[in-house]
Amino acid sequence: MLPATCHNLEFGRTGFADFSSCGCSFNSSFDLFNKRNYQRKVIRSVSRGFYGGGGGGCSGRRLICCRRDGNYAKCRVFSTEAPGTLVNGDVPGPPRVSSEKKETTNDLFEVVSDDLLTLNKNLQSIVGAENPVLMSAAEQIFSAGGKRMRPALVFLVSRATLALTGLEELTREHRRLAEIIEMIHTASLIHDDVLDESDMRRGQETVHQLYGTRVAVLAGDFMFAQSSWYLANLENLEVIKLISQVIKDFASGEIKQASSLFDCDVKLDEYLIKSYYKTASLIAASTKGAAIFSGVGNDVSEQMYQYGKNLGLSFQVVDDILDFTQSAEQLGKPAGSDLAKGNLTAPVIFALEKESKLREIIESEFCETGSLDEAIKLVMSSGGIERARSLAKQKADVAIQCLKCLPHSAFRLALEGMVKFNLERID
């Protein structure tokens, strides 16, 4: 019954989430969530100024070196498995942590480095120059760099699926999709910084800090609109629907987060839904859209969607773990900052099942000196971090399994490596 319920959500996404693996009952808690939280929490959030009005390898394989020469990828792979396993076997389980030096995203993306270089050259030019102020605001965040993870996933899935349809090179649609995805992601960052009242992003002042809240909101809106225009010109209705839904998901995710602040009755499936809307939706759309433009069948494109969705969910859970386990210097913000704002993430939700004292502290909204530090200690000591880590690995395992439909290649290894890289952040 659960999968049927999830397939008919009001937000209209087939296969949008599979919460049965974590034992959640989506339908009843979603109704409860809406009735219990929306009015009182949104009103309280607005009164606080929440809206910004104040101012590869796995299974024994390791990708050693990847270079593209012309249209072909060359990759050297060292294996600890029998040769037959690499040729015929599937990739089992979550990625194995190697004792060797951990790969970085730069290592993983080396196989599509030329594609990313072209993307970086195109990004600023496709934003448009109708309004110098908006253009300057867009350039500010583009020039701040970033890992370009989402367009890299577009390129990796695109090239990994080409062999299935006989294409030899990326199409114009593949490249434009990657640009659109990064524009949408950038627009969401501009708006997120306004909502969170963040002053710094990737070591630089945020758009709203430099230009003011009004310009930042308009710059984000402008980029959403510009990306939608380019999206419409792709003239692929399936992809248009897929990516357009993502923009709606962003807003839904923010509303859900705002309406559940300091709510100790929030359920794990509610957290996963919000995480899907805010993080995994765009990643899933990126990977599925790339597969669609390669011309693969529905079964493969759906597997790419599931890969992106589960990678995105795992990525968000890992981020939420790091909010407790990394230092303020590593995070670039105070540890436990999500909890301080009343945003209850997976480690907290798990900890609340065992620590009644934690509920009292959170519901008091940390009114007493030192209460936030006490809450963080309770999360750490209650097993909340360990259970959240298990959840991240569970989602990562599903993502790896979804890659079975792809032929073995440097690009598939890099997609597997992305899952491994994410998990290594909490090892």
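Provided above is the structure to which this section pertains.
What counts and how
Residues numbered from 1 in each chain as written. Predicted model: local features only at pLDDT ≥ 70, side-chain atom pairs only at ≥ 80, totals over all residues. Heavy atoms only, no water. Core = buried A, V, L, I, M, F, W, Y, C linked by side-chain atoms within 4.5 Å. Buried < 20%, exposed > 50% of the residue type's maximum accessible area, 1.4 Å probe, protein only. Helix = DSSP H or I, 4+ residues; strand = E, 2+ residues; numbered from the N terminus. Contact = heavy atoms within 4.5 Å. Phe/Tyr/Trp six-rings, centres within 6.5 Å; stacked < 30°, edge-to-face > 60°. Disulfide = S-S within 2.5 Å. Bend = angle between axes of the 7 residues up to and from the residue. Salt bridge = Lys/Arg side-chain N within 4 Å of Asp/Glu carboxyl O. Arc of directions from axis to C-beta.

Peer 1: Let's hear about the nonpolar core: which residues, and what values?
Peer 2: By size, the foremost hydrophobic cluster in this structure holds 110 residues, and its most contacted members are Phe-109, Tyr-307, Leu-339, Val-348, Leu-358, Ile-362 and Leu-415. Looking at which element gives the most residues to this core, the answer is helix 12 (residues 268-294), with 15 residues. Not counting residues up to four positions away in its chain, the partners in contact with Leu-358 are Val-348, Ala-351, Leu-352, Ala-375, Leu-378 and Val-379.

Peer 1: Which residues make up the environment of Ile-361, and what values do they have?
Peer 2: Note on placement: Ile-361 falls in helix 17 (residues 356-363). Residue classification places Ile-361 among the buried positions, given a relative accessible area of 6%. Separated by eleven residues in sequence, Ile-361 and Leu-372 place their C-alpha atoms 7.8 Å apart. For Ile-361, the contacting residues outside a window of four places in its chain are Phe-366, Ser-371, Glu-374, Ala-375 and Leu-378.

Peer 1: Summarise the packing of aromatic side chains; cite the residues concerned and give the values.
Peer 2: Here the structure, examined in full by the defined rule, presents four aromatic pairs. Ring geometry for Phe-224 against Phe-250: centres 6.3 Å apart, planes inclined by 45 degrees, an arrangement best described as tilted. In this pair, Phe-224 is assigned in helix 10 (residues 213-232) and Phe-250 in helix 11 (residues 237-258), connecting sequence segments 26 residues apart. By the burial criterion, Phe-224 is buried, and Phe-250 matches it.

Peer 1: Go over the state of the cysteines, please, and point to the residues and values.
Peer 2: Two cysteines, two sulfur atoms, one covalent bond between them: this is a disulfide. Applying the stated criterion to the full structure yields zero disulfides. There is no disulfide at Cys-402, and the cysteine sulfur nearest it, in Cys-405, is 7.7 Å away.

Peer 1: Can you break down helix 12 residue by residue, with the values?
Peer 2: Along helix 12, the sharpest kink reaches roughly 55 degrees, centred on Ala-280. Extensive coverage of helix 12 is indicated by the burial of 26 of its 27 residues. Phi turns positive, to about 85 degrees, at Gly-295, one or two residues after helix 12.

Peer 1: How would you sum up the pattern of salt bridges? Please name residues and give values.
Peer 2: Tallied over the full model, the rule gives 15 salt bridges. A salt bridge links Arg-175 to Asp-115; the nearest nitrogen and oxygen atoms lie 3.1 Å apart. Linking Arg-175 in helix 8 (residues 172-196) with Asp-115 in helix 5 (residues 113-127), this pair joins segments that are 60 residues apart in sequence. Among the ionic pairs, Arg-176 bridges to Glu-179, the shortest N-O distance being 2.6 Å. Linking Arg-176 with Glu-179, this pair stays in helix 8, spanning three residues, or about one helical turn. Residue Arg-176 is classed as partly exposed on the basis of its relative accessible area, which comes to 21%. Looking at Glu-179, the relative accessible area reads 4%, which means it is buried.

Peer 1: Can you tell me about the environment of Arg-150, naming the residues and giving the values?
Peer 2: Counting through the fold element by element, Arg-150 comes out in helix 7 (residues 149-165). Judged by relative accessible area, Arg-150 falls into the buried class, the value being 13%. Along the chain, Arg-150 and Ile-181 lie 31 residues apart, while their C-alpha atoms are 6.8 Å from each other.

Peer 1: Which residues make up helix 17, and what values go with them?
Peer 2: Looking only at helix 17, the buried set comprises Leu-358, Ile-361 and Ile-362. Take helix 17 and look down its axis: the buried residues cluster within an arc of 95 degrees, on one side only. Within helix 17, the exposed residues directed more than 90 degrees away from the buried face are Ser-356 and Glu-360. Looking at the buried positions of helix 17, the neighbouring elements they touch are helix 15 (337-340), helix 16 (346-352) and helix 18 (371-381). Looking one or two residues beyond helix 17, the residue adopting positive phi is Glu-365, at roughly 60 degrees.

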